[in-house]
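Here is what each chain is made of, one letter per residue.
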Amino acid sequence: MLLKEYRICMPLTVEEYRIGQLYMISKHSHEQSDRGEGVEVVQNEPFDDPAHGQGQFTEKRVYLNSKLPTWAQAVVPKIFYVTEKAWNYYPYTKTEYTCSFLPKFSIHIETKYEDNKGSNDNIFDSELKEQEREVCFVDIAYDEIPERYYKESEDLRYFKSDKTSRGILQEGWKDTQDPIMCSYKLVTVKFEVWGLQTRVEQFVHKVVRDVLLLGHRQAFAWVDEWIDMTLDDVRNYEKQMYEKTNIKVCNEQPQPSTPNPSSPDDKEIPDKAST
């Protein structure tokens, strides 16, 4: 098991990001779904929890065979997906990823949002139960993003919001930005297979970090598209986009991929569903 805590700050409030998060996930899933791969939404409905109250439950299938590293493609079926189950009790969310083909593999993500600069070192005290974890700060403007995901319009070093007048994010922006919020994500990766555990768990955390960086960048880069939406507005948008995305994913079958000789560390980065 490999446990890490990620802290990602954004020039938003927690209340604003409630809308921005839903918009970003829906739009990104639609953009990244093509050729029979991407995110299929199986279930998306209200859910009541005795401890957390009213929330939203979502189940998705993330098809990503061609995006796996070569060494993984060699051992998984040609039509391969990961099941994502998410419980959104904003500002607290829980997400689990499992795969029936790999019963000893799982990802568990707990998320809490606060209006601060990532300064709360005790936010997961009850969840950690004295477990050690590495804390990783992610800078949405200045951390390097994989080249194939880069878009000039989403480069926060040069982006300024017309509607909120926030941005451009200069070096050290977190020290002066107001408003500012932080996404705290406690990520547990398990792959209990002798000989592969360390390698796979490290690879998955690299994927998770890149996905978090891209998603939070896009949430702010697209702020002018969603800042005027209400919760009802974004739920309607979410429903429409999920319907369009399901058509893209389910109406096309993935093409079989033939592994090519490559370094064992050769890898592609899967796109996010709702991390």
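The following paragraphs examine the structure supplied in this document. (Residues numbered from 1 in each chain as written. Predicted model: local features only at pLDDT ≥ 70, side-chain atom pairs only at ≥ 80, totals over all residues. Heavy atoms only, no water.)

Points about helix α6 (residues 231–250)
Owing to its 3.6 residues per turn, the α-helix brings residues three or four apart onto one side.
Okay, so step 1: Spanning 20 residues, α6 covers 28 Å between terminal C-alpha atoms, matching the ideal 28 Å at 1.5 Å per step.
Okay, so step 2: Along α6, the positions that sit buried rather than exposed are Val-234, Tyr-237, Glu-238, Met-241, Tyr-242, Thr-245, Asn-246 and Val-249.
Okay, so step 3: Turning to α6, the residues buried within the fold contact α1 (14–32), β2 (38–49) and β3 (53–63). (Helix = DSSP H or I, 4+ residues; strand = E, 2+ residues; numbered from the N terminus. Expected span 1.5 Å × (residues − 1). Buried < 20%, exposed > 50% of the residue type's maximum accessible area, 1.4 Å probe, protein only. Contact = heavy atoms within 4.5 Å.)

Focus on the sheet that holds β3
By way of backbone hydrogen bonds, the strands of a sheet pair with one another, either parallel or antiparallel.
Okay, so step 1: Read from one edge to the other, the open sheet built from 8 strands follows the order β2-β3-β4-β5-β6-β8-β1-β7, with strand pairing classed as mixed. The sheet is open, and its two borders are formed by β2 and β7 (134–138), each paired with just one other strand. With direction set aside, neighbouring strand axes in the sheet form an average angle of 15°.
Okay, so step 2: In this sheet, strand β4 (residues 81–89) lies alongside β3 in antiparallel orientation, the contact comprising 8 bridges. Bridge pairing in β4 places Lys-60 opposite Glu-84. (Pairing = 2+ DSSP bridges. Axes fitted to C-alpha atoms, helices over the stretch in contact; angles between N-to-C directions.)

With respect to α1
Okay, so step 1: Here α1 contains 19 residues, and its C-alpha end-to-end distance of 26 Å stays within 8% of the 27 Å for a straight helix at 1.5 Å per residue.
Okay, so step 2: Its axis deflected by about 25° at Gly-20, α1 carries its strongest bend there.
Okay, so step 3: In terms of burial, α1 is largely enclosed, as 15 of its 19 residues are buried. (Bend = angle between axes of the 7 residues up to and from the residue.)

Here we look at the pairing of strand β5 (residues 92–98)
Okay, so step 1: Direction of pairing for β4 relative to β5: antiparallel, over a ladder of 7 bridges. Within β5, the position partnered with Ala-86 by the bridge is Thr-95.
Okay, so step 2: If you look at the hairpin formed by β4 and β5, you'll find 2 residues sitting between the two strands.
Okay, so step 3: Counted between consecutive antiparallel strands, the loop separating β5 from strand β6 (residues 105–114) contains 6 residues.

Overview of the environment of Glu-201
Okay, so step 1: Positionally, Glu-201 belongs in helix α4 (residues 197–221).
Okay, so step 2: A relative accessible area of 5% places Glu-201 in the buried class.
Okay, so step 3: Glu-201 sits 94 residues away from Ile-107 along the chain, and the two C-alpha atoms are 9.4 Å apart.

Describing the packing of α1 against α4
Okay, so step 1: Between α1 and α4, whose axes approach to 9 Å, the crossing angle comes to 115°. By the angle class used here, α1 and α4 are roughly perpendicular. Along this stretch, α1 crosses α4, giving a crossing that reads as right-handed. Of the residues in α4, those touching α1 at Tyr-17, Met-24, His-28 and Glu-31 are Leu-214, Gly-215, His-216, Gln-218 and Ala-219.
Okay, so step 2: The class makeup of the residues in the contact of α1 with α4 is 4 nonpolar, 4 polar and 1 charged. (Parallel < 35°, antiparallel > 145°, perpendicular 65-115°, else oblique. Left-handed = near helix turned anticlockwise from the far one by under 90°. Nonpolar A, V, L, I, M, F, W, Y, C, P; charged D, E, K, R; others polar.)

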